[in-house]
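Results of the structural survey
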Amino acid sequence: MRATVDRAGLDPQGRLPKVQVRRVRKGDLGKVRDVLEQTFGDFLERQLGTRPRQAFGGAQYVHHRWLMEPWGCFVAEEDGSKIVGAALAATLGSLGLLGPVAVLTNYQNQAIGQQLIRAAQEFFDENKATLHGVVTYPTSPKHLYLYHKFGYKPKHLTAIMSRAIDRGTPRPPAAKAAKAPLAMRRFSTLEETKKKAALARMHRITSAVYRGLDLAKEVEIVDGLALGDTLLLERGREILGFAICHSPGVSEAPTGALYVKFLAIDPAQKRPEQLLEFVAGVEALGTELGVQRVILPVYSRYWAAYSMLVQCGYAIDFTMVRMQRGKQEDYEDPTHLVLDDWR
Ligand SMILES: CC(C)(COP(=O)(O)OP(=O)(O)OC[C@H]1O[C@@H](n2cnc3c(N)ncnc32)[C@H](O)[C@@H]1OP(=O)(O)O)[C@@H](O)C(=O)NCCC(=O)NCCS
């Protein structure tokens, strides 16, 4: 079953294909969410032996991702009426991230997933993303085969880690060893003109992690839709790092948890205690919001960051494998203090 993107292609018999890939429209959003929930629910049920009540534990991916990157969101539609698959993709500056991708269980293994991935690839190329990435299930031969077909190479594990917030026993301040006191500020409290300058500073930090990487869209959508907030780690007037936090509701945070989607500390100024301070700041925000857990994802190539989270009492909830294709596909520096999640 061949699918086409935004144009009516003909199959070898000259008929319209049954399934076509097109961009997501506003009216599709609820359906796309259902397709993801249903498909991942089926997949996890096969893996775990029981069906989770909610495939993503209450985390939401569709509405805000579409608002952030409408041209990167695709559906596969049967007979122009039934949505049977979806793929979301986004470019963060030079980095193109694919996922989630889902095809309803009864429609799988008919090349629909590949048509969706191809549409996302074209979107990355149009936007000149130099590195493309996806995270997937490391024990699934199908997933590894599928992404290999598109040139993605399996790399290292991403650990989704979490820790319960202890009420009443705040983590001791880590800043003792720091030369100048560190302070935490929320992006949402900045005046509009200051927000622009802060975004430019964040871009310089992420560009030092991977050239051209830019999280501005993520920071702005979290701010604009109040999905959470971005914590800024400051020394004096200088932003040393930032953490994009999602709080539960309509964001990517599961019910009852504060979730850090991305955190980076300026590689040129990084010191281990800054990450400890940052984790304490995120936990303090979690306490203030009344959540029970903090979720921190970490790519295991960022070995220093991973080791520090273990020291802080974070345990792995589950792991996924990162797959990458493109320029500088092994760009990660193990000493960089970065937490990122490509789901
Ligand atoms: C992953 C997913 C999107 C793929 O969609 P799909 O429409 O089934 O994929 P396609 O039919 O386009 O391609 C599947 C390929 O894997 C191959 N395949 C299937 N089972 C396989 C296995 N056990 N081992 C190796 N290859 C396998 C198929 O033969 C096909 O390759 P081919 O066209 O070269 O023959 C779909 O299975 C899905 O929604 N899964 C649940 C949600 C999920 O895991 N999403 C992805 C998270 S990263």
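Reading the values: the criteria
Residues numbered from 1 in each chain as written. Predicted model: local features only at pLDDT ≥ 70, side-chain atom pairs only at ≥ 80, totals over all residues. Helix = DSSP H or I, 4+ residues; strand = E, 2+ residues; numbered from the N terminus. Expected span 1.5 Å × (residues − 1). Buried ≥ 20, exposed ≤ 12 C-beta atoms within 10 Å, placed from the backbone. Contact = placed C-beta atoms within 7 Å. Domains from an automatic or database assignment. Nonpolar A, V, L, I, M, F, W, Y, C, P; charged D, E, K, R; others polar. Near = placed C-beta within 6 Å.

**A look at helix α3 (residues 112-126)**
Taking 1.5 Å of rise per residue, 15 residues should cover 21 Å, and α3 covers 21 Å from first to last C-alpha, within 8% of that figure. For α3, the full list of buried residues reads Ile112, Gly113, Gln115, Leu116, Ile117, Ala119, Ala120, Phe123 and Phe124. Packing partners of the buried residues in α3 comprise β1 (19-23), β2 (73-78), β3 (82-92), β4 (95-103), β5 (131-136) and α4 (141-149). Looking one or two residues beyond α3, the residue adopting positive phi is Lys128, at roughly 55 degrees.

**Observations concerning the domain arrangement of the protein**
By the assigned domains, the protein splits into domain 1 (19-129) and domain 2 (160-340). Using C-alpha coordinates to define each centre, domain 1 is positioned 26 Å away from domain 2. At the interface, 14 residues of domain 1 touch 18 residues of domain 2. When residues of the side of domain 1 that touches domain 2 are assigned to their parent elements, the largest contribution, four residues, is made by helix α2 (residues 62-68). The residue inventory of the side of domain 1 that touches domain 2, partitioned by class, reads seven nonpolar, seven polar and no charged.

**Quick word on the site of the ligand**
Among the 21 residues in the neighbourhood of the ligand, the closest are listed as Gln108, Gly113, Gln114, Pro141 and Lys142. Those elements giving two or more residues to the shell around the ligand turn out to be α1 (29-48), β4, α3 and α4. Split into classes, the residues belonging to the shell around the ligand amount to eleven nonpolar, nine polar and one charged.

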